[in-house]
Amino acid sequence: MRGEVDPQQALFSYVSPEARVPATHPLRAIKAKADDVLATLERTFDEMYSSTGRPSIPPERLLKSELLLALFSIRGHRLFCEELNYNMLYRWFLDMSLDDPGFDHSTFSQNSERLLRHEVAQRFFDAVVTTARREGLLSDEHFTVDGTLIEAWASLKSVNPKAAPAATLPPDDPGNPTVDFHGERRTNATHQSTTDPEARLARKGQGKEAKLCFSGHVLMENRHGLCVEVQIAPATGTVEREMALAMLRRQARRGLRPRTRGADKGYHCTDFVRQLRRRHIRPHLAQVAGRRTPGLDGRTTRTVGYGLSQRIRKRVEEIFGWCKTIGGLRKTRFRGLAWTQHAAYLVGAAYNLLRMSKWRRPAPAT
């Protein structure tokens, strides 16, 4: 018998979002771990807000919303706030009922500024790493470092001389003017973007076009491939090695003393090897053909550990690949280093939570 469509909707609904989400849905494990991590930041959240006044959006929901933005490749806050009105899965993840009002994108952005001022994204990322270490998913011995370029939210048309430019004719199109810079030499020393002055002109390699970029840097733990550190910096020629040492110092303040550090050929230089040796870290760096470097010779490169590090270090590209294609970091949605760093911490936390949710600790022997 053919069924009929009843256009009359029910007045009340007695089914909660919790009952609609399957027990095997992969987001359940991520939600459980995210809630455990957020519970450790309760004191931080109390310091952010006054004890009187109008209640704001809970910071837990703001951070979990950022996780959804990364996990589902949502391109911005405005679209997320629109989807939150009808997506039951998002509401369940944020512990919202179907009757709770959604977020307004402007209010969402204002509350995100509060998170930025109090460095909550960094604390959230660090808490995820601490949870992974407490669960035995991190080792303190073998790590890999690498860097990449993240396109800035600015056009090459916004690059102008730092000195006062000469008077020019009015633009033919105020919204998208024609700019002819062929034959003009533009460098970071003489030019900068008016849209994002902190972005730098950089290219991925010889023969590639220059783009306005930031440099992203990741420190990966070799055993499980988790991201234990993520940093955003201006794109310069030596920033990869500088940030690698900076991340090493930050981990040392936490009591970590790694034994090896893997990296690609971009880190093969005398000064970087000397800095690692000074900290009693074996440099498992890919070698540039024909370059002889004290501290990186056959006594290191012929060992089994060196060969293992060279194979595992390529997994750091999985972090960059996920963060760019899924997490939305191929081209940042923000202007400036601070906001891009804020987004990188949240995307890195989402990546770690996703990997951690797929692992099941073995049951204790009876």
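Given the structure is predicted, the values throughout are model-derived calculations rather than measurements.

Considerations on the side chain of threonine 144
Here's step 1: Residue placement: threonine 144 occurs in strand S1 (residues 142–151).
Here's step 2: Polar side-chain contacts of threonine 144 include one of 2.7 Å to the side chain of asparagine 222.

Focus: empty space enclosed by the protein
Here's step 1: All told, the structure shown has two cavities of 30 Å³ or more when counted by the stated rule.
Here's step 2: If you trace the largest cavity, you find 15 residues lining it, with Val218, Val230, Phe320, Cys323 and Leu329 closest to the centre.
Here's step 3: Sorting the residues of the lining of the largest cavity by element identifies S1, strand S5 (211–221), strand S6 (227–234), helix H13 (316–325) and helix H14 (337–357) as the ones contributing at least two each.
Here's step 4: Counting residues per element, the lining of the largest cavity draws most heavily on H13, which supplies four residues.
Here's step 5: Looking at side-chain class alone, the lining of the largest cavity contains 10 nonpolar, four polar and one charged residues.
Here's step 6: The volume enclosed by the second largest cavity comes to roughly 40 Å³.

Considerations on the packing of aromatic side chains
Here's step 1: For the coordinates displayed, the defined rule picks out seven aromatic pairs.
Here's step 2: Arranged with centres 5.5 Å apart and planes meeting at 15 degrees, the rings of phenylalanine 334 and tryptophan 339 form a pair that is stacked.
Here's step 3: With a relative accessible area of 14%, phenylalanine 334 lands in the buried category.
Here's step 4: Linked through ring pairs, Phe72, Phe80 and Tyr90 together constitute an aromatic cluster.
Here's step 5: One cation-aromatic arrangement involves lysine 31 over tryptophan 92; the distance from NZ or CZ to the ring centre is 5.5 Å.
Here's step 6: Looking at lysine 331, its charged tip hangs above the ring of tryptophan 153, at a distance of 5.4 Å from the centre.

Thoughts on the pattern of salt bridges
Here's step 1: The full count for this structure, using the stated rule, is 16 salt bridges.
Here's step 2: Note that lysine 64 and aspartate 95 form a salt bridge whose closest N and O atoms lie 3.2 Å from each other. With lysine 64 in helix H4 (residues 59–71) and aspartate 95 in the loop between helix H6 (88–93) and helix H7 (105–117), this residue pair connects regions lying 31 residues apart in the sequence.
Here's step 3: The residue arginine 250 makes a salt bridge to aspartate 126 at a minimum N-O spacing of 2.9 Å. One end of the pair, arginine 250, is in helix H9 (residues 239–253); the other, aspartate 126, is in helix H8 (residues 120–134), and 124 residues separate them in sequence.
Here's step 4: Given a relative accessible area of 13%, arginine 250 falls into the buried group.
Here's step 5: Its relative accessible area of 15% is what places aspartate 126 among the buried residues.

Describing the environment of lysine 204
Here's step 1: Its place among the elements puts lysine 204 in the loop between strand S4 (200–202) and S5.
Here's step 2: Given the relative accessible area of 73%, lysine 204 is considered exposed.
Here's step 3: As a C-alpha pair, lysine 204 and proline 101 span 103 residues in sequence and 45 Å in three-dimensional space.

Remarks on the packing of H4 against H14
Here's step 1: Orientation of H4 relative to H14, taken along the N-to-C sense of each, is 75 degrees, at an axis distance of 9 Å. Comparing their axes, H14 and H4 come out roughly perpendicular. Residue-level contacts link Leu63, Glu66, Leu67, Ala70 and Leu71 of H4 to Leu346, Val347, Ala349, Ala350, Leu353 and Leu354 of H14.
Here's step 2: Along the lines of polarity and charge, the residues of the contact of H4 with H14 split into 10 nonpolar, no polar and one charged.

What about unusual backbone geometry?
Here's step 1: Phi is positive for aspartate 95, close to 60 degrees, though the residue is something other than glycine.
Here's step 2: By relative accessible area, aspartate 95 is classed as partly exposed at 47%.
Here's step 3: Phi angles above zero are rare outside glycine, and histidine 280 is one such case at about 60 degrees.
Here's step 4: Here histidine 280 shows up in the loop between helix H10 (270–278) and strand S8 (282–285).
Here's step 5: Looking at histidine 280, the relative accessible area reads 71%, which means it is exposed.

Focus: the packing of H7 against H14
The packing of two helices is summarised by the inter-axis angle and the distance between the axes.
Here's step 1: H14 packs onto H7 with a crossing angle of 90 degrees between their chain directions and a minimal axis gap of 11 Å. By the angle between their axes, H7 is roughly perpendicular relative to H14. Contacts between H7 and H14 involve Ser112, Glu113, Leu115 and Leu116 on the former and, on the latter, Ala338, Trp339 and His342.
Here's step 2: Looking at the contact of H7 with H14 residue by residue, the classes come out as four nonpolar, two polar and one charged.

Things to note about the environment of glutamate 4
Here's step 1: Residue position: glutamate 4 is located in the segment before helix H1 (17–20).
Here's step 2: On the basis of relative accessible area, glutamate 4 is assigned to the exposed category, the value being 77%.

Quick notes on a positive patch on the surface
Here's step 1: The grouping of Arg249, Arg253, Arg278 and Arg279 at the surface amounts to a positive patch.
Here's step 2: Note that arginine 278 resides in helix H10.

Re H10
Here's step 1: Taken together, the buried positions of H10 are Phe272, Val273, Gln275 and Leu276. On an axial view of H10, the arc spanned by its buried residues comes to 160 degrees, and they lie on one face.
Here's step 2: Buried-residue contacts for H10 involve H9, strand S7 (260–263) and S8.
Here's step 3: Looking at the residues trailing H10, positive phi occurs at histidine 280, about 60 degrees.

Analysis parameters
- Residues numbered from 1 in each chain as written.
- Predicted model: local features only at pLDDT ≥ 70, side-chain atom pairs only at ≥ 80, totals over all residues.
- Heavy atoms only, no water.
- Helix = DSSP H or I, 4+ residues; strand = E, 2+ residues; numbered from the N terminus.
- Polar contact = N/O pair within 3.5 Å; in protein donor to acceptor, adjacent residues only side chain to side chain.
- 1 Å grid on protein atoms, 1.4 Å probe; cavity = no way out; pocket = protein on both sides within 12 Å on 5 of 7 lines; lining within 4 Å.
- Points joined across faces, edges and corners; volume = space filled by probe spheres on them.
- Nonpolar A, V, L, I, M, F, W, Y, C, P; charged D, E, K, R; others polar.
- Phe/Tyr/Trp six-rings, centres within 6.5 Å; stacked < 30°, edge-to-face > 60°.
- Buried < 20%, exposed > 50% of the residue type's maximum accessible area, 1.4 Å probe, protein only.
- Lys NZ or Arg CZ within 6 Å of the ring centre and 35° of its normal.
- Salt bridge = Lys/Arg side-chain N within 4 Å of Asp/Glu carboxyl O.
- Axes fitted to C-alpha atoms, helices over the stretch in contact; angles between N-to-C directions.
- Parallel < 35°, antiparallel > 145°, perpendicular 65-115°, else oblique.
- Contact = heavy atoms within 4.5 Å.
- Patch = residues over 30% accessible without salt bridge, like charges linked within 9 Å, V, L, I, M, F, W, Y side chains within 5 Å.
- Areas by Shrake-Rupley, 256 points an atom, 1.4 Å probe, with all protein chains shown as cover.
- Lys, Arg positive; Asp, Glu negative; His and termini not counted.
- Charge placed at Lys NZ, Arg CZ, Asp CG, Glu CD.
- Arc of directions from axis to C-beta.

Coordinates in, geometry out; function isn't part of it.
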